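Here is what each chain is made of, one letter per residue.
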Amino acid sequence: KFLQSYSTITQNSLYSGDLDTISQSDYIISIGSKLIYDNPMVKFHINKASKHKRAEFVYMHPIHDESIKHIYTQFVKYEVGSEEGVSALLAYYFAKTSNIDEVTNSYLDDLDIGYLSAESNVGEEELELMYAKSIGKRQKTLIIGEDIITHHRSSNIAKLLALLELYGGFNIVIIPNQTNSLGVSLICD
């Protein structure tokens, strides 16, 4: 369901990034993934980008992860279950560009940013700082974890995060909950 909804926005059946994309990135956001447990190779490639590309790494999760404290440049803690609101905030801050279509722009303008920020416990100042750090970055990557793709509102979240690829210049990497489960889901009925 997540990939089907995602593809309605991007017109691609799969996401745009991979582990090499992460390694080459100079700006990375991870949302909904406890990296050390979900996929240690992703953590390795983020660390590589941090060292070789001096990547800004924003770690967004309800639970602080001490094992990656030395890698991230910003930790954004949000409320458990508020992933849809956080995704809407990311879309609002990162997808509003000059080439955005009128319908999507109107949708994003109608969002109550103050309410979403308060309910998700993500400060508007944190989002503004995230956006400011992304300006001038050449390769941006958004890593989406299991908390997002298994969320009960994952279909809408997928559409919101797809806007980051379509309008925000992000490469998307999804960490599936099982090896190649996303690829297999595309061929299953």
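Here the structure is shown first, and the text comes after it.
About the thresholds
- Residues numbered from 1 in each chain as written.
- Predicted model: local features only at pLDDT ≥ 70, side-chain atom pairs only at ≥ 80, totals over all residues.
- Heavy atoms only, no water.
- Helix = DSSP H or I, 4+ residues; strand = E, 2+ residues; numbered from the N terminus.
- Rg over C-alpha atoms; globule rule 2.2 N^0.38 Å.
- Buried < 20%, exposed > 50% of the residue type's maximum accessible area, 1.4 Å probe, protein only.
- Contact = heavy atoms within 4.5 Å.
- Areas by Shrake-Rupley, 256 points an atom, 1.4 Å probe, with all protein chains shown as cover.
- Lys, Arg positive; Asp, Glu negative; His and termini not counted.
- Charge placed at Lys NZ, Arg CZ, Asp CG, Glu CD.
- Phe/Tyr/Trp six-rings, centres within 6.5 Å; stacked < 30°, edge-to-face > 60°.
- Pairing = 2+ DSSP bridges.
- Axes fitted to C-alpha atoms, helices over the stretch in contact; angles between N-to-C directions.

Student: Please give an account of the overall build of the chain that cites residues and values.
Tutor: Along its length, the chain carries eleven helices and five strands. A globule of 189 residues ought to have a C-alpha radius of gyration of about 16 Å, and the chain, at 15 Å, matches this closely. Counting every position in the chain, which comprises 189 residues, the buried fraction comes to 49%. In the chain, the proportion of contacts linking residues at least 24 apart, taken out of those at least 6 apart, comes to 75%. Summed over all atoms, the accessible surface of the chain reaches about 9,400 Å², with 47% contributed by carbon and sulfur. Across the chain, the mean location of the 16 positive side-chain charges is 10 Å away from that of the 24 negative side-chain charges.

Student: So what's going on with the packing of aromatic side chains? Residues and values would help.
Tutor: To describe a pair of aromatic rings, you give the distance between the ring centres and the angle between the ring planes. Tallied over the full model, the rule gives nine aromatic pairs. Note on tyrosine 27 and phenylalanine 94: the rings are 6.3 Å apart at their centroids and 40° apart in plane angle, and the pair reads as tilted. Note that tyrosine 27 is positioned in strand β1 (residues 27-31) and phenylalanine 94 in helix α5 (residues 83-94), a separation of 67 residues in sequence. Comparing tyrosine 27 with phenylalanine 94, the two get one shared label, buried. Ring geometry for phenylalanine 57 and tyrosine 59: centres 6.3 Å apart, planes at 50°, overall tilted. Note on accessibility: phenylalanine 57 and tyrosine 59 belong to one class, buried.

Student: Describe unusual backbone geometry, and please don't skip the residues or the numbers.
Tutor: Among all residues save glycine, negative phi is the norm, and among peptide bonds the norm is trans. Positive phi outside glycine occurs at arginine 54, with the angle close to 50°. We note that asparagine 121 has phi near 70°; this positive angle belongs to a residue other than glycine. Tracing the chain through its elements places asparagine 121 in the loop between α7 (113-120) and α8 (124-134).

Student: Could you give me a rundown of the sheet that holds strand β2 (residues 56-60), with the residues and numbers involved?
Tutor: By definition, the strands of a sheet pair up through backbone hydrogen bonds, in either a parallel or an antiparallel sense. Taken together, the five strands give an open sheet; going across it, the order is β3-β2-β1-β4-β5, and neighbouring strands pair in parallel fashion. In the strand order of this sheet, the two ends are held by β3 (74-76) and β5 (170-174), each with one partner. Taken pair by pair, the neighbouring strands of this sheet meet at an average axis angle of 15°, ignoring direction. Where β2 and β3 come together, three bridges link them in parallel fashion. Across the sheet, residue methionine 60 finds its bridge partner in β3, namely valine 76. Of the strands in this sheet, β1, β2, β3 and β4 (140-144) are in contact with α8, which crosses β3 at around 145°.

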